[in-house]
Amino acid sequence: MIHKQYGARRKGYKGLENMKDILKLDMLVNTLENEHELDKNSLAELLECKDVPILYTAADRVRKKFVGDDVYLRGLIEFSNFCCRTCFYCGLRAANSGIKRYRMEPGEVIECAANAVKYGLKTIVLQSGEDKFFTVNDLCKIVDKIKDMGTAVTLSVGELSRNDYTALKHAGADRYLLRIETSNEKLYESLHPRMSYKNRVRCLYDLKELGYETGTGCLIGLPGQTPEMLAEDLLFFKKIDADMIGMGPFIPCKGTPLEYEAEGNVETVLKMMALARLLMPDINMPVTTALGVKADDGYRKGLGCGANVIMPNMGIDDYKKLYAIYPGKGDKVETLENQINVIKCLISKEGRVVGKHFGGRIRTVKI
Ligand code: SAM
C-alpha cells in the first residue's frame, strides 16, 4: 500500500533518495502548510532537496488561501543610478566607472508616475542608488505630488536616518523596500565595505515602528552563502515581521569584485519563495526582475511558487538599460503598453486576476 502511494506520488519528489526522505519531506511541508513555522535545520534541508514540486504546490495553495488570486502591479521608476556605496555585487557601486550615470528630473519622475496611473497602476515604487544629490526634502516633494494622484507610494532609496524616514512618512510614503541582502552579519560586512549590518537592521526596525509597510529580502547564491544562511534569512524575515519579501538570484556583474563568481541558482530562488510564502502566508511577494532575467518563464514560475506581485518598469526607456545592477536587466525595452499587456496576459493565463486595489498587506495570521 505504501509502495503504491510512493509510486503514484514520486513525481513530486525528484532527487530524493529513499522512502524515509520522502516521508520526512511530506511531514515538513505539512508542518509548514498548517503551522507556518519550521526550524532552521529543517528549512536548510528543504533548500537542499533537488527539486520539490510538493513544496511549490503547497506554497501555491497557501498563497490562494491567504492572499487570493490577485496579482498586484507596482509601477517601478528607477530615478537615479548614482550611488555612494560600494556593495561588491552591484553594478551601480560608486567605484564602477564602466557605466553611464543618470539622474531623472523631479518633473520626469512625476510624469512617469502619471503615466503609470493612466495604465491603472495603484502603486508607484521609487527606487535609486544611494544618491545624496536628492535631499530628503526633494524626495518629500516628489512623494507629495505622487500621493495627489491617489496611489500608494513605495520608496527604495537605501539607508537613511530615523528622522529622514519620519519626514518621508509624513510626506505620504506608505511602504519602503530595503533588503537585508543576507542576514549573516559576517557575510554582510564582507560584501558591504564601510557599511554596518547593525545599521541595516536598525533601518528595518525604524521603518516598521514608523508604520511603513516594510519590505526586505535577500540575494540568493552569493559567494560563501550556505543553505543554513538562507534558512536564517527566512527566519529573520519572520522575526522582523516583514510585510513584503523580494528575493532574486545573485547575477555576477562586470565592473564589480564579484564579476567572475558563479551566479545564483534559479531553483533555490523558487524554493526560497515557496518557503517564504509558507512561513509568512499573508505577505506580499513580487517575482523579481532578476528571476525574470535568469529563468526561462521566470515570471510564470515565480507566480506558481507563492508570488502575488509584479513590478513593471514604468521609467524612461533610455535610462532602463543604464540602471545596470546586473547584466541582462533592461535588455528588452518594450513599449509600456506592450509590457503591461504581456503581464496581464500571463496573469490571466495562470488563472489569476490583476489586483484592483492598493494591495497592501492584510494581516490574517496572528503573530
Ligand atoms: N539603494 C537601494 C537599496 O540599497 O536598497 C535600492 C537599489 S539596489 C540597486 C536594489 C537591489 O538590487 C539590491 O537590494 C540588491 O539586492 C539588488 N542587486 C544589486 N546587485 C545585484 C546583482 N548583481 N544581482 C542581483 N541583484 C542585485
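Definitions and cut-offs
- Residues numbered from 1 in each chain as written.
- Predicted model: local features only at pLDDT ≥ 70, side-chain atom pairs only at ≥ 80, totals over all residues.
- Heavy atoms only, no water.
- Salt bridge = Lys/Arg side-chain N within 4 Å of Asp/Glu carboxyl O.
- Helix = DSSP H or I, 4+ residues; strand = E, 2+ residues; numbered from the N terminus.
- Buried < 20%, exposed > 50% of the residue type's maximum accessible area, 1.4 Å probe, protein only.
- Phe/Tyr/Trp six-rings, centres within 6.5 Å; stacked < 30°, edge-to-face > 60°.
- Axes fitted to C-alpha atoms, helices over the stretch in contact; angles between N-to-C directions.
- Parallel < 35°, antiparallel > 145°, perpendicular 65-115°, else oblique.
- Left-handed = near helix turned anticlockwise from the far one by under 90°.
- Contact = heavy atoms within 4.5 Å.
- Nonpolar A, V, L, I, M, F, W, Y, C, P; charged D, E, K, R; others polar.

What to know about the pattern of salt bridges
Here is step 1: Tallied over the full model, the rule gives 29 salt bridges.
Here is step 2: In this structure, the salt-bridge partner of E130 is K132, at a minimum N-O distance of 3.7 Å.
Here is step 3: Ionic pairing is found between D206 and R162, a salt bridge with its closest N-O pair at 2.7 Å. Residue D206 is located in helix 9 (residues 197-209), and its partner R162 is located in helix 7 (residues 162-171); the two are separated by 44 residues in the primary sequence.
Here is step 4: You can call D206 buried: its relative accessible area is 7%.
Here is step 5: Of the residues examined, R162 reaches a relative accessible area of 34% and is grouped as partly exposed.
Here is step 6: Through salt bridges that share partners, R85, E130, K132, E159, E181 and R200 make up one connected network.

So, the packing of aromatic side chains
Here is step 1: For the structure shown, the criterion picks out eight aromatic pairs.
Here is step 2: Arranged with centres 4.4 Å apart and planes meeting at 5°, the rings of Y102 and Y319 form a pair that is stacked. In this pair, Y102 is assigned in the loop between strand 1 (70-80) and helix 5 (106-118) and Y319 in helix 14 (residues 317-320), connecting sequence segments 217 residues apart.
Here is step 3: With relative accessibility at 4%, the residue Y102 sits in the buried group.
Here is step 4: Classification of Y319 by relative accessible area gives buried; the value is 19%.

So, the packing of helix 2 (residues 19-35) against helix 3 (residues 40-48)
Here is step 1: Close contact between helix 2 and helix 3 brings their axes to 11 Å; oriented N to C, the two are set at 120°. Here helix 2 lies oblique to helix 3, going by the angle between them. When the axes of helix 2 and helix 3 are compared, the crossing they make is left-handed. On helix 3, the residues that touch K24, L25, L28 and L32 of helix 2 are S42, E45 and L46.
Here is step 2: Here the residues of the contact of helix 2 with helix 3 sort into four nonpolar, one polar and two charged.

Distances and angles like these do not, on their own, reveal function.
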